Amino acid sequence: MKASALALAAGLFLAAPVAAAPAAGCGSIGDIVPEWPKLEHARIEVKQGKSLDIVAVGSTSTLGDAATSTAATWPAQLKEDLAKRLPGISVQVVNKARRRQLAADMLQRLSDDIGVSDPHIVIWESGTAEAVRGVDVESYRAVLLEGIDRLKRRGIDVILMDMQFARGPAAIINFEPYQAAVEEAANMEEIAYFPRFAIMRDWVENGRFVLEDLTRAEQSKVADKVYACIGTMLGELIARNVK
Amino acid sequence: METQRAPMRDRRLDFFRGLALFFIFIDHVPNNLYSSFTLHAVAFFDAAEVFVFISGYTVALVFGRTFLGGDVVFGTAQVLRRCWTLYVAHVFLLIGFIAEVSWTVQRFEGSMFAEEMGVTHFLDEPHLTLIEGLLLRFQPEFMDILPLYIVLLLGFIPFALIFRVSLWGGLALSLLIYLAVPVFGITLHTYPEGSWFFNPFAWQLLFNLGAAMALASLRHKQLLPRPAALFWTAIVLVGVMIVVKVSWLLNSFHLPVKPILLRVLAPLADKTDLDVLRLIEFLAVAYIIATLVAPDADWLRSRAARPVMLCGENSLHIFCLGIFLAFLGHLALVEIAGSIAAQTMVIVAGIAIMCGVAYMMNWFKERSGRKPVRKPAEASLQGTGA
């Protein structure tokens, strides 16, 4: 189990000098990700050559139970990737995700999760718990807007991330309104939006990943690969927008 | 939408309802490319509004005569019989959905989708789920529009009684209930938590507006004035709204005013409570079409329009069929292939099947004598499908 994580890390390490793109096998970012505004606060930090502090807030997929180890979760992968792309900068990515957490709960905990010293970027992943429970879409969007405003006032750059995609879950859960809410909130506030749902759907439809009918062992391997791709894609996007 | 002395079928109803049924089918096949080409891409409203309004109109047209004539008991019985058909279709879908979920959970259990599989926890209490489903309170994906229609149909019974006495009185009551939604937050709850995706207290306004117009036409009255100023206001309004909506769709369309517009307008376009923007834009469009298209326009009788017309004529059954086909289509896209080619095949096959069944139902009616065989110049009142 650990071997696959090591192999993955080794692969990433080898890819590092060539790293202008995400790890091999993830595909390019292409047209799916809309253009991001510059992450101004992070940019200033990076220019001064100090540190880059990121906090990831989210639910089960960010916590990454399904990964083989904590090093294989997407926040951890993001940290590794950014550290390579921004040599000389001390990159920290703190994972504050909790299982099955609603955005409303994340909003309440926001101050605690961020801590006293403000991070430069907060990646806010949400939407799954809301879709599963059929929460009112308008209230969800209002929660997102409120959270974004709070973070902006504290001088923190925000990146919104939506839910995962696989054909089975998407067949029995109505994700669309919640995905739209995340995208709309990002557009309304003119902040960065990482469309994980659309990216994963693109992967599935191009056969890059098979997410169903996997054995236990295969499941963790696939989870690792998916999280690695998410982490490195985010790394490329963030690096691009802080330079 | 007035009737002349001899009752003539308003063919526009059938056509636009048939079209709405196609759009509803397309919109209910999730993750499909073609839903970006339906109404919702360019308008704040979608096929649901079209369907509910026209259904209100047709329900009143079909059953209104009985109620207006005084035979309240028989009218009620007719409406309840319609509700029963819809209810049976809903239960059928319920079984299909439970089967799909049970199968899905096996393939995704204990994986990176553990949280998503939380939606299957109702399987832990199947007896509760079944009862809640039978009570229309269990409304997972696909299962939200049929319960709405059932409740609206049931609601027609008391409203018909009120409309008998006073059309405007009934409309005023309907408007009051609609306004009570944002003020008091009234809605119906689903199991295990949340509320109905289509809030019946809000959507009844659209249904009753259609019903009132139909009842007015039955009494040979025209409910709505037709001054040119109103028409042109509607055109301008709709034009502006289309531009705004399309600008939201295009990611590359960067205007400084765009986020502001989004922030102000998006909360007014919520589907669940039939927010103002949706309602107003739909009514404006309906007004424009009613003014521009005559009830008996020639193109409505063409061969090309015929499949759409027949679907609209048998709308109750085609509606149920469409929802069921969307469910099957989605299953196919999930299990077999999800490519654009596959999506196209599913959409085309679904619409073909809906039209095929509509033709078949029409043939039955003609053969059993319930409907005169169609000659090009004939207008017929039978064969309505409320």
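As the structure is a prediction and not an experimental result, all values here were calculated from the model.

Trainee: In this structure, what is going on with the overall build of chain A? I would like to understand it.
Mentor: Of the regular secondary structure elements, chain A holds eleven helices and five strands. When the 243 residues of chain A are sorted by exposure, 55% land in the buried category. Sequence separation of 24 or more characterises 81% of the internal contacts of chain A that already satisfy a separation of 6 or more. Of the roughly 9800 Å² that chain A leaves accessible, carbon and sulfur atoms contribute 52%.

Trainee: Quick question: what am I supposed to make of the packing of aromatic side chains here?
Mentor: Each aromatic ring pair is summarised here by two numbers: the centre-to-centre distance and the angle between the ring planes. Under the counting rule described, the total for this entry stands at 21 aromatic pairs over all chains. On the numbers, 5.2 Å between centres and 80° between planes, the contact of Phe198(B) with Trp203(B) is edge-to-face. You'll find Phe198(B) and Trp203(B) in the same group, each marked buried. Aromatic side chains Phe231(B) and Trp232(B) sit 5.3 Å apart centroid to centroid with 80° between the ring planes, which places their arrangement in the edge-to-face category. Judged by its relative accessible area of 13%, Phe231(B) falls in the buried class. Take Trp232(B): its relative accessible area is 54%, and that puts it in the exposed class. By the ring-pair criterion, three or more aromatic residues cluster together here, those being Phe165(A), Phe175(A) and Phe197(A). Between the NZ or CZ atom of Arg107(B) and the centre of the ring of Trp103(B), over which it lies, the distance is 5.6 Å.

Trainee: Looking at this structure, how should I read unusual backbone geometry?
Mentor: For residues besides glycine, phi is generally negative; the peptide bonds are generally trans as well. One non-glycine residue, Glu190(A), lies in positive phi territory at about 55°. For Glu190(A), the location among the structural elements is in the loop between α9 (176-189) and β5 (192-194). Given a relative accessible area of 52%, Glu190(A) falls into the exposed group. One non-glycine residue, Leu274(B), lies in the positive phi region at around 45°. Here Leu274(B) is to be found in the loop between α10 (257-265) and α11 (276-292). Accessibility expressed as a relative area gives 0% for Leu274(B), which makes it buried.

Trainee: Would you take a moment to explain the confidence of the model for chain A for this structure?
Mentor: Regions with low pLDDT carry predicted coordinates that are not meant to be interpreted in detail. Summing up the model confidence of chain A, the mean pLDDT is 85 and the portion of residues at 70 or higher is 90%. Under a pLDDT of 50 for its full length, residues 9-21 of chain A has, in the predicted model, 13 contacts with residues more than four places off or in other chains.

Trainee: Just checking my understanding: could you explain helix α7 (residues 167-184) of chain B for this structure?
Mentor: Residue and element names in this part refer to chain B. Here α7 is 18 residues long and its end C-alpha atoms lie 25 Å apart, about the 26 Å a rise of 1.5 Å per residue gives. Residues Leu167, Gly170, Leu171, Ser174, Tyr178, Ala180 and Val181 constitute the buried set of α7. Check the buried side of α7 and you find it contacts α6 (145-165), α8 (200-218) and α11. The opening residue of α7, the one whose side-chain oxygen lies 2.8 Å from the backbone nitrogen of Gly169, is Ser166.

Trainee: What exactly am I supposed to notice about the interface of chain B and chain A here?
Mentor: For interface size, the figure often reported is the accessible area lost on association. Facing the 36 residues of chain B at the interface are 44 residues of chain A. Summed over both sides, the interface between chain B and chain A buries roughly 3600 Å², with carbon and sulfur atoms accounting for 56% of that surface. In this structure, the salt-bridge partner of Asp213(A) is Arg107(B), at a minimum N-O distance of 2.7 Å. Linking chain B with chain A are six residue pairs in polar contact (both at pLDDT 80 or more), by the criterion used here. Looking at the side of chain B that touches chain A, the elements with two or more residues in it are α4 (72-108), α10 and α13 (315-335) of chain B. With six residues, the top contributor of residues to the side of chain B that touches chain A is α4(B). Looking at the side of chain B that touches chain A residue by residue, the class counts come to 15 nonpolar, eleven polar and ten charged.

Trainee: Would you take a moment to explain the pairing of strand β3 (residues 121-125) of chain A for this structure?
Mentor: Strand residues, when the strand is regular, have side chains that alternate between the two faces of the sheet. Residues and elements named next belong to chain A. The buried fraction of β3 amounts to five of the five residues, a majority that puts the element mostly inside the structure. The alternating pattern of β3 places Ile121, Ile123 and Glu125 and Val122 and Trp124 on opposite faces, both of which are buried. Where strand β1 (residues 51-57) and β3 come together, four bridges link them in parallel fashion. Looking across to β3, one finds that Val57 is bridged to Trp124. Here β3 runs beside strand β4 (residues 157-161); their pairing, made up of five bridges, is parallel.

Trainee: Could you clarify how one ought to interpret the state of the cysteines in this entry?
Mentor: Such a bond, covalent and formed between the sulfur atoms of two cysteines, is termed a disulfide. Considering all chains together, one arrives at one disulfide over all chains under this definition. Paired through a disulfide, Cys26(A) and Cys229(A) show a sulfur-sulfur distance of 1.9 Å. An S-S torsion of about -85° defines the bridge between Cys26(A) and Cys229(A) as left-handed. Here Cys26(A) is found in the loop between α1 (2-15) and α2 (40-47), whereas its partner Cys229(A) is found in helix α11 (residues 216-242), with 203 residues between them in sequence. On the basis of relative accessible area, Cys26(A) is assigned to the buried category, the value being 2%. Residue Cys229(A) is classed as buried on the basis of its relative accessible area, which comes to 4%. Left unpaired, Cys320(B) is separated from the closest cysteine sulfur, that of Cys83(B), by 11 Å. Not engaged in a disulfide, the cysteine Cys355(B) finds its nearest cysteine sulfur in Cys311(B); these two sulfurs lie 4.0 Å apart.

Trainee: Please explain the sheet that holds strand β2 (residues 90-95) of chain A as it appears in this structure.
Mentor: All names here are of chain A. If you trace the five strands from one edge of the open sheet to the other, you get β2-β1-β3-β4-β5, paired in parallel fashion. At either margin of the open sheet sits one strand with a lone partner, and together these are β2 and β5. Each strand of the sheet is rotated relative to its neighbour by a mean of 20°, with strand direction disregarded. Its contacts with the sheet put helix α4 (residues 74-85) on β1, β2, β3 and β4, and the angle it makes with β2 is roughly 175°. Contacting β4 and β5, α9 runs over the sheet at an angle of about 155° to β5.

Trainee: Is there a simple way to explain the packing of α7(B) against α8(B) in this structure?
Mentor: Relative placement of two packed helices is described by the angle separating their axes and the distance separating the axes. Residue and element names in this part refer to chain B. Here α7 crosses α8 at 165°, and the two axes come no closer than 8 Å. The pairing of α7 with α8 is recorded here as roughly antiparallel in orientation. Our pair here, α7 against α8, has a crossing hand that is left-handed. Contacts between α7 and α8 involve Leu167, Leu171, Ser174, Leu175, Ile177, Tyr178 and Val181 from the former and Phe201, Ala202, Gln204, Leu205, Asn208, Leu209, Ala212, Leu215 and Ala216 from the latter.

Trainee: Is there a simple way to think about the pattern of salt bridges in this case?
Mentor: One side chain can pair with another of opposite charge once the charged atoms of both are near each other. Residues and elements named next belong to chain A. Counting across every chain of the model gives 14 salt bridges over all chains. With a closest N to O distance of 3.1 Å, Glu189 and Lys152 form a salt bridge. Of this pair, Glu189 sits in helix α9 while Lys152 sits in helix α7 (residues 137-153); the two residues are 37 residues apart in sequence, bridging distant segments of the chain. Looking at Glu189, the relative accessible area reads 4%, which means it is buried. The partly exposed category is assigned to Lys152, whose relative accessible area is 37%. Here Arg201 and Glu176 are joined by a salt bridge, their closest N and O atoms 3.9 Å apart. Taken together, the positions of Arg201 in helix α10 (residues 196-205) and Glu176 in helix α9 put the pair 25 residues apart, joining distant regions of the chain. Accessibility expressed as a relative area gives 22% for Arg201, which makes it partly exposed.

Definitions and cut-offs
- Residues numbered from 1 in each chain as written.
- Chains lettered and ligands numbered in written order.
- Predicted model: local features only at pLDDT ≥ 70, side-chain atom pairs only at ≥ 80, totals over all residues.
- Heavy atoms only, no water.
- Helix = DSSP H or I, 4+ residues; strand = E, 2+ residues; numbered from the N terminus.
- Buried < 20%, exposed > 50% of the residue type's maximum accessible area, 1.4 Å probe, protein only.
- Contact = heavy atoms within 4.5 Å.
- Areas by Shrake-Rupley, 256 points an atom, 1.4 Å probe, with all protein chains shown as cover.
- Phe/Tyr/Trp six-rings, centres within 6.5 Å; stacked < 30°, edge-to-face > 60°.
- Lys NZ or Arg CZ within 6 Å of the ring centre and 35° of its normal.
- pLDDT = per-residue confidence, 0-100.
- Expected span 1.5 Å × (residues − 1).
- Polar contact = N/O pair within 3.5 Å; in protein donor to acceptor, adjacent residues only side chain to side chain.
- Buried area = accessible area lost by both parts, 1.4 Å probe.
- Salt bridge = Lys/Arg side-chain N within 4 Å of Asp/Glu carboxyl O.
- Nonpolar A, V, L, I, M, F, W, Y, C, P; charged D, E, K, R; others polar.
- Pairing = 2+ DSSP bridges.
- Disulfide = S-S within 2.5 Å.
- Axes fitted to C-alpha atoms, helices over the stretch in contact; angles between N-to-C directions.
- Parallel < 35°, antiparallel > 145°, perpendicular 65-115°, else oblique.
- Left-handed = near helix turned anticlockwise from the far one by under 90°.

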